[in-house]
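Report on the structure
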Amino acid sequence: MVSRQQSSRPGGHQSPTAEQPSLSISVTDPVKLGNGVQSYISYRVSTKTTNQEDRGPEKIVIRRYSDFVWLHERLVEKYKGIFIPPLPEKSAVEKFRFSAEFIEVRRRALDVFLKRIASHPHLRSSEDLKNFLTADEEVWAMEKARLLGGSVFKKNPVDFLQMFKEVQTKVTDVVLGKDKPLEETDSEYEKVKRYVEVLEEHLSEAQKQSFRLVKRQRELGQALSEFGKAVKSLGDCEGGPVGRAFSGLGGQSDILSVKLQLQAQELLMKFEEPIKEYVRIIQSIKNVMADRAQAYRLQKDLSEAFKLKELNLEKLRLVRPDKVAEAEVEVREMKVQSDVARARFEDIVRLMAQEMERFQEEKAKDLGAILQDFARAQAQLAADTADAWRTLLPELDQCSAEDMQTLQPSS
Amino acid sequence: MMGSEDDDSQEARLFTSTDAMESLVLDQTPMPHPFLSNSDYRIAMSGSMPLNESHHPLISSTSQKSLRDSFRKGFQDSPNSSSRQSLREADFVEPPSYADAIFTPYMGDASPEHENGREVGSSSSSSLHSFPTDTDTLVIKVTQPQKSQELGTSLVPGGRSYVTYLITTRTNIAEYKGTDFSVRRRFRDVVTLADRLADAYRGYFIPPRPDKRIVESQVMQKVEFIEQRRLALEKYLSRLAAHPVLRRSNELRLFLQFQGKLPLTPNTDMASRMLDGAVNLPRQLFGDSSAVVPPQEASQPAKGGRDLVRLFKELKQSVTNEWGGVKPAVVDEDRAFLEKKEKLQDFQRQLGDASQQAETLVKAQQEVGEVMGELGLALIKIAKFESEEAMTNTQRVHANDTKRIGTATIKASRFYREANVQSVKHLDQLHEYLGFMEALHAAYADRSNALLTVQTLMADLEANKLKVEKLNQAASKFFGVDKNRNRKIEELNEVVKVNEEARDCSQQEYDRIKERNRTELERFEKDRRKDFLNMIRGFVMTQVGYAEKISNVWTSVAEESVTGLFTSSSGSSTSN
């Protein structure tokens, strides 16, 4: 699944600019750094540009989880309307943070995260991405400090206004008796929203069951191992051909138990986690849907506010001509804002449509590959199981024959 | 072919069929009754011949060849037909096995004749029906539980209700005088049967009877409880029917055939037993020559309520054995036996462990099967949803692929669960044999008790002899004739004689039990080895078979998906 993302996207989507180098990114080598409470895991992020003309050298940086979070937040802010690839979750339980499995799961998820960004026609050209991938340690540290420090004021004026307008909107709504936030009534969009919601339910269910499968398969492996041990002891007690038969049974149980545990691990990494990632992707879609709703409300509000201001202007012309000039300026400003807000909303709508299409394509491919891998892995496991048990049969035949011998007096 | 048998069984041959395949095996001598024919029994058990080689005049009229009851279906399933052949021949050398009664059908074998229409995995009857009718069969079924009302007991007004079961038997064993018959019995009757068998067949590995399970009367009426009990009864009776000696016992025959109230004495409740004992005690203490255990009782264990004096004495003896520092006259010199006993204890431990782990394993397999089913359902739901919403062809294809894999997952889950059901049937043998250990312990306890009796009687004898000698010495010192003393000497000599007889009897009984222990153990070990080999093989074959099936399911769907992905233009992905 993930490997598909490494190659440049086939045509069929809004074309990334042709000169854009395609990126090959990987996240590897988790290393525990720091002491005690402040310890954390760092990851090696390696980037190669695979452009024919400009084969740059491999760029390697060290990043930690919070750095990825930063990148994610930047992208969410800047690219409204785009489904930003999701991050793996923070860990709830402290001591689980450093378990080998958790680290590996997280590493894979971060790897997928960057690969998805790198293969996205818009996101791949993000400055923030470039910084993330290439900034040396000191530069990176400075950048982070600067950006985190000024986070309250880094929003541009329109955003600032937007914040203000949100408050205003709420007040207006309350005053005018509108309790419900204004929503689009586009029936097509409604369908999309509904689709996303139901899909999330289904995928969550599949993820839940696949997680249970991993767990149960592990338990089965464990049970087989215990069974093998007990049976071997019993065989030692018995001795003779029966003892050997039990020994064989125990031996194969051991072998299979190991296979099962390994396969359970694979199932987790290649089946359960990818499905989980898709659940997260859907959540990121829902974020965009929320953004869209917000943008809709904003442009609606600003448009109303503009209309109001226009009306007031007309009134003022009659009543207070001295205020007219000022008011005219305000009206013009309002119009600009309203237009900007509407443009942004329409942007989001347009982008979303593209993104949905892209999402469907990706999903079909990804999930198809996931399911196919699953089927193949299960087939392999079953075949291995059959083989392992089958090797016992000739030995069992021999044991039976020997047992028969001991019964007959030599004749 | 079967060289050793042919020489010994000339007369038996006259009565057997001429089927060339079958060897001539005489059944275990049926001499259970302790009060009769001890000598006959000893003849029968002379030497250390294994059961199948014993023969003696008494059973000539009833000699039948015995086809091995436990012709395991497993052998039929074996792909190797030549080994099947050789196994079949070897079967006839052996007496029927324990495990016949716990034979469980393998994959695909349904018990066709169960009246309730449900498969009874553990009924031996199913296996026996496939045999030609001139074999020594005894097939028992337990059906039709019915509630009955006890006629007003003295204390409780209105009766208490109880359940009776219809016990149906089909047999061609001659003693039974009849081939098909049925009776109604209640659980209490089974307890009585078990108790009487335990008394009469000391030293044998008697299959343990179903537990009494003291539950309140409400529970007793529940369908599940009754059904559980019915199954347990059928299993128990079938096991008895498979035991070469017990199947011919009078006790069993009466139980199966006698219409009306079961003519076997139940162990009465503690109170009346204690009463009996109290009545006997004065007699025994002050008494007549029944201060000595009469010979016929010497070959019986001390009964709870009735033989208090004897119990005390034997208890005293056992304490003497432990702490007396003096070795009793007869010691269980059978070193091999003691070692064996320890080994068996070890074995029991391991077996218990294995049985437990098997249970865990089976549960774990079940869970995997279940969750696979749920995963499959979730996938199918997704597929259905996606195909409804699909707008592009890619989406349609994807939905279709998902559906196929979801279906495969569900199929696999079904196979997992089926495999598990079969595995349970095989691995259950571990559990069954664990249950059998109880029978072993009882048989060995019989032996210990018999030995104790012997030791006690010997001690008694010594003591009495000493008394006689003392009196004789005293008499020889005086020249007069002391009528009292002489009478006493007379009496004591009588006592000594009785004592000697009793000791001899008890010694015989002890030897008899020892021998039974030995042969039963041999049989048990043989059967156990065979049954375990079958179990392992059956289990492994089940696993192989189902793993192959599951693998096929996955492989075929994985391959289909591949084509599906690359032919996205044609909406012609193979349907499932």
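For the structure itself, consult the block above.
In short, a report on the structure.

The rules behind these values
- Residues numbered from 1 in each chain as written.
- Chains lettered and ligands numbered in written order.
- Predicted model: local features only at pLDDT ≥ 70, side-chain atom pairs only at ≥ 80, totals over all residues.
- Heavy atoms only, no water.
- Phe/Tyr/Trp six-rings, centres within 6.5 Å; stacked < 30°, edge-to-face > 60°.
- Helix = DSSP H or I, 4+ residues; strand = E, 2+ residues; numbered from the N terminus.
- Buried < 20%, exposed > 50% of the residue type's maximum accessible area, 1.4 Å probe, protein only.
- Lys NZ or Arg CZ within 6 Å of the ring centre and 35° of its normal.
- Pairing = 2+ DSSP bridges.
- Axes fitted to C-alpha atoms, helices over the stretch in contact; angles between N-to-C directions.
- Contact = heavy atoms within 4.5 Å.
- Core = buried A, V, L, I, M, F, W, Y, C linked by side-chain atoms within 4.5 Å.
- Salt bridge = Lys/Arg side-chain N within 4 Å of Asp/Glu carboxyl O.
- Polar contact = N/O pair within 3.5 Å; in protein donor to acceptor, adjacent residues only side chain to side chain.
- Nonpolar A, V, L, I, M, F, W, Y, C, P; charged D, E, K, R; others polar.
- Parallel < 35°, antiparallel > 145°, perpendicular 65-115°, else oblique.
- Left-handed = near helix turned anticlockwise from the far one by under 90°.

**Re the packing of aromatic side chains**
What the rule picks out here adds up to 23 aromatic pairs over all chains. Seen in terms of ring centroids, Phe-205 of chain B and Phe-524 of chain B are 5.9 Å apart; in terms of plane orientation they differ by 80°. Their pairing is edge-to-face. On the criterion of sequence distance, the pair formed by Phe-205 of chain B in the loop between helix H7 (187-200) and helix H8 (217-220) and Phe-524 of chain B in helix H16 (residues 483-566) is long-range, its members being 319 residues apart. In this structure, Phe-205 of chain B and Phe-524 of chain B share a single accessibility class: buried. Members of the aromatic cluster, joined through ring pairs, are Phe-246 of chain A together with Phe-205, Phe-347, Tyr-433, Phe-436, Tyr-444, Phe-524 and Phe-532 of chain B. The positively charged end of Arg-64 of chain A is found above the aromatic ring belonging to Tyr-40 of chain A, 3.6 Å away from the centroid. Looking at Arg-292 of chain A, its charged tip hangs above the ring of Tyr-189 of chain A, at a distance of 3.5 Å from the centre.

**A word on the sheet that holds strand E3 (residues 180-186) of chain B**
Residues and elements named next belong to chain B. Spatially, E1-E2-E3 is the arrangement adopted by the three strands of the open sheet, whose pairing is antiparallel. Across the chains shown, the open sheet's two edge strands, defined by having one partner strand only, are strand E1 (138-149) and E3. For this sheet, the mean inter-axis angle between neighbouring strands, taken without regard to orientation, is 20°. Two strands pair when backbone bridges link them, and strand E2 (residues 161-171) and E3 are joined in this way by seven bridges, in the antiparallel orientation. Paired with Ile-167 across the two strands is Val-183, which belongs to E3. Strands in contact with H7 are E2 and E3; relative to E3, the strand with the most contacts, it is inclined by about 100°. With respect to the sheet, helix H10 (residues 250-257) is in contact with E1, E2 and E3, its orientation differing from that of E3 by roughly 90°.

**Notes on the nonpolar core**
With 102 residues, the main nonpolar core has Leu-249 of chain A together with Val-540 and Trp-554 of chain B as its most contacted residues. For this core, the secondary-structure elements that each account for two or more residues are helix H6 (187-238), helix H7 (240-319), helix H8 (324-390) and helix H9 (392-407) of chain A together with helix H14 (335-389), helix H15 (393-477) and H16 of chain B. Not counting residues within four places of it along the chain, the set of residues in contact with Trp-554 of chain B comprises Phe-374, Ala-375, Gln-378 and Ala-379 of chain A together with Met-372, Ile-405, Ala-408, Thr-409 and Ala-412 of chain B. By size, the runner-up hydrophobic cluster in this structure holds 33 residues, among which are Val-142, Ala-200, Tyr-204 and Leu-233 of chain B.

**Re the interface of chain A and chain B**
Contacts between the two partners involve 61 residues from chain A, matched on the other side by 63 residues from chain B. Remark: the boundary between chain A and chain B carries seven salt bridges. The salt bridge involving Arg-529 of chain B is made with Asp-403 of chain A; its shortest N-O contact spans 3.0 Å. Inspection of the chain A/chain B interface yields 10 residue pairs in polar contact (both at pLDDT 80 or more). Sorting the residues of the side of chain A that touches chain B by element identifies H6, H7, H8 and H9 of chain A as the ones contributing at least two each. Counting residues per element, the side of chain A that touches chain B draws most heavily on H6 of chain A, at 24 residues. Class assignment of the residues belonging to the side of chain A that touches chain B gives a composition of 36 nonpolar, 13 polar and 12 charged.

**Let's talk about the environment of Ser-423 of chain B**
With respect to the element layout, Ser-423 of chain B can be found in helix H15. Not counting residues within four places of it along the chain, the set of residues in contact with Ser-423 of chain B comprises Gln-365, Phe-539, Thr-542 and Gln-543 of chain B.

**Quick notes on the packing of H8 of chain A against H15 of chain B**
To describe two helices that pack against each other, one gives the angle between their axes and the distance between the axes. Put simply, H8 of chain A and H15 of chain B touch, their axes get as near as 10 Å, and they point 25° apart. Taken as axis vectors, H8 of chain A and H15 of chain B run roughly parallel relative to one another. As H8 of chain A runs across H15 of chain B, the sense of the crossing is left-handed. Of H15 of chain B, the residues touching H8 of chain A (which contributes Gln-360, Glu-361, Lys-363, Ala-364, Leu-367, Gly-368, Leu-371, Gln-372, Phe-374, Ala-375 and Gln-378 of chain A) are Thr-394, Gln-395, His-398, Thr-402, Ile-405, Thr-409 and Tyr-416 of chain B. Here the contact of H8 of chain A with H15 of chain B is composed, by residue class, of seven nonpolar, nine polar and two charged.

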